[in-house]
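What the coordinates show
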Amino acid sequence: MIFTSLLLLLATAAHGQTVYDAAHNVTPIIGTWSSGSQNVVTGSGFATPSQEAFTYPKTTGMSYSFTTDGYYEIARYRMTSNGTVPTCITGVMNWSHGTYVLASNGSIVMTPFGDGYQQIQDPCAAISNFIENYNYTEIYILWNIYQDPVKGYTLQLYQYDGTPLPPQYLISTSPNMLPTQALRNVTKTSTSTTVQNAAVLNANAGERRWEAASVTGLLTVISGLGLASLLL
């Protein structure tokens, strides 16, 4: 069902019809969205970039915020179990922000400011608790906003391979975000990593962290969707 719908949507985009923009959804994307029990929310209650710190929510989930002038913020919290060692549960807190573009082919490209970070806690790892930079450009090939009869306005994002993220529900039409500028000093990496960093969220249940997806698979998608110019 999901892939059939995606094929139809991609076919529509290929014929030059922009179906996933604010004019073709039940409400604009502007505001703050949150998944599940909506305990994960962007803004000052989640991340403190100046201290590379997090405030842990009551439950896992994700939250995306968008402004009218092209800024975004992402907050994510995930717990991953270990089938072999049930007591080895990995927790990941992830935060980033930057600018976004709603492309004419129905995709969203999110480019970070470069000050994102994530905290990984794994009691069974050699290093059980550490923080690392997270500064990947994320590409979502499709997005849609629909009206859920119980939850109300619902944002559905699709990753580069067509995999849908958990639905997020509109909790505020005013974006709840930290200042839209770099908020911590980060050592610049070599520009040779640009292609690798032009990646999407890889948040499958079995992954230990959020990271860049397969470069080969990504470049195939970029070529097919005509996104290359947005990443230059």
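For clarity, every value in this text was computed on a predicted model and none was experimentally measured.

**Focus on the packing of aromatic side chains**
Throughout the structure, instances matching the rule amount to 9 aromatic pairs. Taking the centre distance of 5.4 Å and the plane angle of 70 degrees together, the rings of Phe46 and Phe54 count as edge-to-face. We classify Phe54 as buried; its relative accessible area is 13%. Ring geometry for Tyr134 and Tyr136: centres 5.2 Å apart, planes at 85 degrees, overall edge-to-face. Take Tyr134 and Tyr136: they sit in the same class, and that class is buried. Through pairs of rings, three or more aromatic residues link up here, namely Phe46, Phe54, Trp95 and Tyr117. Sitting above the plane of the Tyr169 ring, Lys151 keeps its charged end 5.2 Å from the centroid.

**So, the nonpolar core**
Generally speaking, soluble globular proteins have nonpolar side chains that are buried together. Residues Ile29, Tyr64, Phe66, Met110, Leu155 and Leu157 are the most contacted members of the largest nonpolar core, which totals 17 residues. Sorting the residues of this core by element identifies strand E4 (61-66), strand E5 (71-80), strand E7 (108-112), strand E11 (142-148) and strand E12 (152-158) as the ones contributing at least two each. For this core, the element with the most residues is E4, which contributes 3 residues. Not counting chain neighbours up to four residues away, the residues in contact with Leu155 comprise Ile29, Trp33, Phe66, Trp143, Asn144, Ile145, Pro167 and Gln168. Core analysis: the next-biggest nonpolar cluster, separate from the first, contains 10 residues, Val40, Phe46, Tyr77 and Met93 among them.

**Some thoughts on unusual backbone geometry**
The phi dihedral of Gln38 is positive, around 65 degrees, even though this residue is not glycine. With respect to the helices, strands and loops of the structure, Gln38 is situated in the loop between strand E1 (31-35) and strand E2 (47-48). Even without being a glycine, Glu52 presents a positive backbone phi close to 50 degrees. Note on placement: Glu52 falls in the loop between E2 and strand E3 (53-54).

**So, the environment of Tyr117**
Mapped onto the fold, Tyr117 is located in strand E8 (residues 117-121). Classification of Tyr117 as buried rests on a relative accessible area of 0%. Remark: the alpha-carbon pair of Tyr117 and Asn135, spanning 18 residues in sequence, is separated by 7.3 Å. For Tyr117, the side chain forms a polar contact with the main-chain oxygen of Ala53, separated by 2.6 Å.

**Remarks on the side chain of Thr80**
Along the chain, Thr80 turns up in strand E5. Thr80 sits in the buried class, given a relative accessible area of 10%. Reaching out from Thr80, the side chain makes a polar contact with the side chain of Arg78 at a distance of 3.3 Å.

What counts, and at which threshold
- Residues numbered from 1 in each chain as written.
- Predicted model: local features only at pLDDT ≥ 70, side-chain atom pairs only at ≥ 80, totals over all residues.
- Heavy atoms only, no water.
- Phe/Tyr/Trp six-rings, centres within 6.5 Å; stacked < 30°, edge-to-face > 60°.
- Buried < 20%, exposed > 50% of the residue type's maximum accessible area, 1.4 Å probe, protein only.
- Lys NZ or Arg CZ within 6 Å of the ring centre and 35° of its normal.
- Core = buried A, V, L, I, M, F, W, Y, C linked by side-chain atoms within 4.5 Å.
- Helix = DSSP H or I, 4+ residues; strand = E, 2+ residues; numbered from the N terminus.
- Contact = heavy atoms within 4.5 Å.
- Polar contact = N/O pair within 3.5 Å; in protein donor to acceptor, adjacent residues only side chain to side chain.

Function-wise, these values are silent; they only describe arrangement.
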